[in-house]
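# Structural description and commentary
If you want the building blocks of each chain, they are given just below.
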Amino acid sequence: MLQELSITNFAIIEHLDIAFENGMTVLTGETGAGKSIIIDAVGLLAGGRGSQEFIRTGADKAVLQGMFILPADGVTAKMLDEAGIDHADNTVILQREIAKSGRNTCRINGMLVNTTTLKRIGETIVDIHGQNEHQELMQPDKHLGLLDEFAAPKIRKLKSQYSQQYHAYQQLNQELRQKNANEKEWAQRLDMLNFQVEEISAAQVKVGEEADLTAERDRLDNYQTINQALQQSYTLLAAGEETQGAVDMVGTAMNALEPIANLDPAFNEITMNVKNAFYGLQDAAGQISNQLDLQEFDEGRLDEIEQRLEVLSQLKRKYGDSEQQILDYYKKISAELAKMTDSEENSEGLSQRVAEQKAALQKTGEALSDKRRAAAKSLQRQIHQELKDLYMDKAVFEVRFKPTNGQLFRSGLDSVEFYIQTNPGEKMRPLAKIASGGELSRMMLALKTIFSESQGITSIIFDEVDTGVSGRVAQAIAEKISGIAHFSQVLCITHLPQVAAMSDHHYFIAKKITGNRTKTSVTKLTAHARVEELARMLAGTKVTKLSLEHAEELLRLAGEEKAE
C-alpha cells in the first residue's frame, strides 16, 4: 500500500507530504484544487509518461517520492529480485525527477532504473482507474487483454508457450520468405562468404604475428648498422691481441683497490663500485659476443617477411584493424556460412520445419482459445452478478468471439469483443457503441471488483469513476469501492457524497493564491469537518442545517453498511 507521498514543484503544487493508511481513502475538494494532480503524481511514480510541462512555473525540476509497503512473497518482490533491487524490509521507495533540461531520473530503493523498469514494477504496485480505462472499454482491440487479465492464473502457462512458439514460427517463416525472395542475393552472399572464409583460413593468422615480423624485418634491414655497433663495442670492451680492453683495465683497477678496501669505508665503497662495474662490463661483453654469433643476414628471409606482412596488411584492409579483429570476423562469417550452407542443403527441410512449427502453434493456440472461452463464460456470470449489485440487473453481458479465418496473431487465435444488452427486448450490440458514460463506469467498476481479489495489487486508485451516476446507483458504486478496499488500499477522487461517506479516511484538497502564486494544500478531515464537507458536496456553495443533517445521516448509514 501507498504509505507516504511527497510532491515538490509539480504542476500547481509547491510541496506536499501526505501519509496514507489502509482501507478506503477519498480526496474531495473544489474543481481545479489539484485532486487529479495528486493522482497524476502517483501515476508518474508508477512509470507513467513524464513531461517538462509538469514542472511548476519558476522551478528547475519536479520531484516525486512514494513509499509503499508490499507483501513479502508477491509479484512485485519477485520482479525486484530479478532486477537486483534490495527490499529486505518489504518497503519500496519510488522516486522520480523531471528536469527542465529534459533529464528524467528514476530510482527504486535508491537504485537508478530506466522508465521501462519503473513502469514494469510500478504496474504491479499501483492500478489507476480513470477515464482512460473507460476508453479501454470503448476500444474492442483492448477487450482480449481484459479477458486475459481475468483468466491470467489459468492461461499464463499456455500464453507463454504460445508466445515462444509464435516467435520461433515467425523467425523460420521470415527465413524461408527471405530465401525464396532473394535467391540471387543469397547465392552472391554464399559465394562471397566462401571466398572470405577460404582467404582468411589459408592465411593462418595469429595474434601478435605482425609485431614479431616487423621487429625481425627491422633487424634485417639494419643488419650492417647493428653488426658494426656490436663489433666496435666488443672490441673496446674485450682484450685484443695487442690492446687491453675496458674489462681488463677495470679489472686491473679493481685489483689495485682491493688492499685498501678495509682501511676506510669510503675506500670500500669505491672498491665495490669498481667491482660492480667490472662484473657488469664482463656480462655485457659476453652478451655482445653471443649477439655477434647470432648475426646472420638472410636476404631470402627478408623477402619472405615482406611478403607475409603484405598479406596481413591486405587482410586488415578488408576485415579488421588487427589480427584479433580479423579472427573475430572469421568466426562470425564461418557461423553464417555454416548456417547458410545447412539451409542450402536443407531448403526443402526448412519448408517442412515451418509447416511443423505452424501446426504446433495452431495446436497451442486452440488449447489457449478453449481456456479463454471457458474463462469468458465465468466472466459473464460474475459480471452479471456485479451489474445486478450496481442496478443493471436487466443488462446482459457477453464476451463474443469473432471469426478470424484461421489467422495466427501474436496474442493467439482469438479476436473478442464485449457485447451488451442494456434493456430487455433490445438486440445484443457492441458495448463500445451503445453504453452511456454511467454504464461504462459501472462496467469498469464491475471488472475492477472481480480483478481486485486476484491481481495482488496493493493500491488501487479511482479517479472520478462515478461520472454520470447519481442516487441509488451512486450508493451502489460507493459500496463496491468500499468492498474492493477489503483486498487492496483504495484511493478515490469523487464528487459524490455517497462515495465520500463510505470512506475510512477523508482528505480535503484546497488551493489558495499567495503572492500571485497558486498553492495546493491537503488536510485530513476530523469527524466534524467531514460532516461539513459532505454537507458542502450535498448542498453546493451554501451549507444549510438540512444539508448538515443529511451529511450526518449519510455517515451513519455508511457506518452501518460497513459494519455488516
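A brief look at the structure comes next. From a predicted model like this one, the values you see are computed outputs, not experimental measurements.

Each value, and the rule that gives it
Residues numbered from 1 in each chain as written. Predicted model: local features only at pLDDT ≥ 70, side-chain atom pairs only at ≥ 80, totals over all residues. Heavy atoms only, no water. Axes fitted to C-alpha atoms, helices over the stretch in contact; angles between N-to-C directions. Helix = DSSP H or I, 4+ residues; strand = E, 2+ residues; numbered from the N terminus. Parallel < 35°, antiparallel > 145°, perpendicular 65-115°, else oblique. Left-handed = near helix turned anticlockwise from the far one by under 90°. Contact = heavy atoms within 4.5 Å. Phe/Tyr/Trp six-rings, centres within 6.5 Å; stacked < 30°, edge-to-face > 60°. Buried < 20%, exposed > 50% of the residue type's maximum accessible area, 1.4 Å probe, protein only. Lys NZ or Arg CZ within 6 Å of the ring centre and 35° of its normal. Pairing = 2+ DSSP bridges. Patch = residues over 30% accessible without salt bridge, like charges linked within 9 Å, V, L, I, M, F, W, Y side chains within 5 Å. Areas by Shrake-Rupley, 256 points an atom, 1.4 Å probe, with all protein chains shown as cover. Salt bridge = Lys/Arg side-chain N within 4 Å of Asp/Glu carboxyl O. Lys, Arg positive; Asp, Glu negative; His and termini not counted. Charge placed at Lys NZ, Arg CZ, Asp CG, Glu CD. 1 Å grid on protein atoms, 1.4 Å probe; cavity = no way out; pocket = protein on both sides within 12 Å on 5 of 7 lines; lining within 4 Å. Points joined across faces, edges and corners; volume = space filled by probe spheres on them. Nonpolar A, V, L, I, M, F, W, Y, C, P; charged D, E, K, R; others polar.

### Examining the packing of helix α9 (residues 246-257) against helix α10 (residues 265-294)
- Remark: α9 packs on α10, axes separated minimally by 9 Å, with the N-to-C direction vectors making an angle of 155°. In terms of orientation, α9 lies roughly antiparallel with respect to α10. Crossing handedness for the pair α9 and α10: left-handed. On the side of α9, the interface is formed by Val-247, Val-250, Gly-251, Ala-253, Met-254 and Leu-257, while α10 contributes Ile-270, Thr-271, Val-274, Lys-275, Ala-277, Phe-278, Leu-281, Gln-282 and Ala-285.

### Description of the packing of aromatic side chains
- On inspection of all chains with the given rule, the structure shows six aromatic pairs.
- Pairing Phe-278 with Tyr-279 gives two aromatic rings, centres 5.3 Å apart and planes at 70°, and the pair type is edge-to-face.
- According to the relative accessible area criterion, Tyr-279 is partly exposed, its value standing at 43%.
- Seen in terms of ring centroids, Tyr-319 and Tyr-329 are 5.3 Å apart; in terms of plane orientation they differ by 15°. Their pairing is stacked. Of this pair, Tyr-319 sits in helix α11 (residues 299-319) while Tyr-329 sits in helix α12 (residues 323-345), and the two are ten residues apart along the sequence.
- Note on Tyr-319: relative accessible area 8%, which makes it buried.
- Here Tyr-329 falls in the partly exposed class, since its relative accessible area comes to 23%.
- In this structure, Arg-373 is placed above the aromatic ring of Phe-401, and the distance from its NZ or CZ to the ring centre is 4.2 Å.

### Brief notes about the sheet that holds strand β15 (residues 517-524)
- The strand order across the open sheet formed by six strands is β8-β12-β13-β3-β14-β15, and the pairing between neighbours is mixed. Edge strands, defined here as strands with exactly one partner in the open sheet, are β8 (126-129) and β15. Within this sheet the neighbouring strands show an average axis-to-axis angle of 20°, counted without direction.
- Pairing between strand β3 (residues 24-29) and strand β13 (residues 489-493): four bridges, direction parallel. Pairing of Met-24 across the sheet is with Val-490, part of β13.
- In this fold helix α1 (residues 35-45) packs onto β3, β8, β12 (459-463), β13, β14 (505-514) and β15, with an angle of close to 135° to the strand it touches most, β3.

### Comments concerning a positive patch on the surface
- Among the surface-exposed residues, Lys-154, Lys-371, Lys-377 and Arg-381 lie close enough to one another that they form a single positively charged patch.
- Looking at which element gives the most residues to the positive patch, the answer is helix α13 (residues 347-389), with three residues.

### Digging into unusual backbone geometry
- Not every positive phi belongs to a glycine, and Ala-11 is a case in point at roughly 55°.
- Among the structural elements, Ala-11 can be located in the loop between β1 (2-10) and β2 (13-19).
- By relative accessible area, Ala-11 is classed as partly exposed at 22%.
- Residues other than glycine seldom take positive phi values, yet Asn-90 does so here, at roughly 60°.
- Relative to the elements of secondary structure, Asn-90 occurs in the loop between α2 (75-82) and β5 (91-99).
- By relative accessible area, which is 25% here, Asn-90 ends up partly exposed.

### What to know about the layout of surface pockets
- By volume, the second largest pocket amounts to about 180 Å³.
- In terms of lining residues, the second largest pocket is bounded by Glu-175, Gln-178, Lys-179, Glu-185, Trp-186, Arg-189, Glu-336, Lys-339 and Met-340.
- Among the residues making up the lining of the second largest pocket, the classes are represented as two nonpolar, one polar and six charged.

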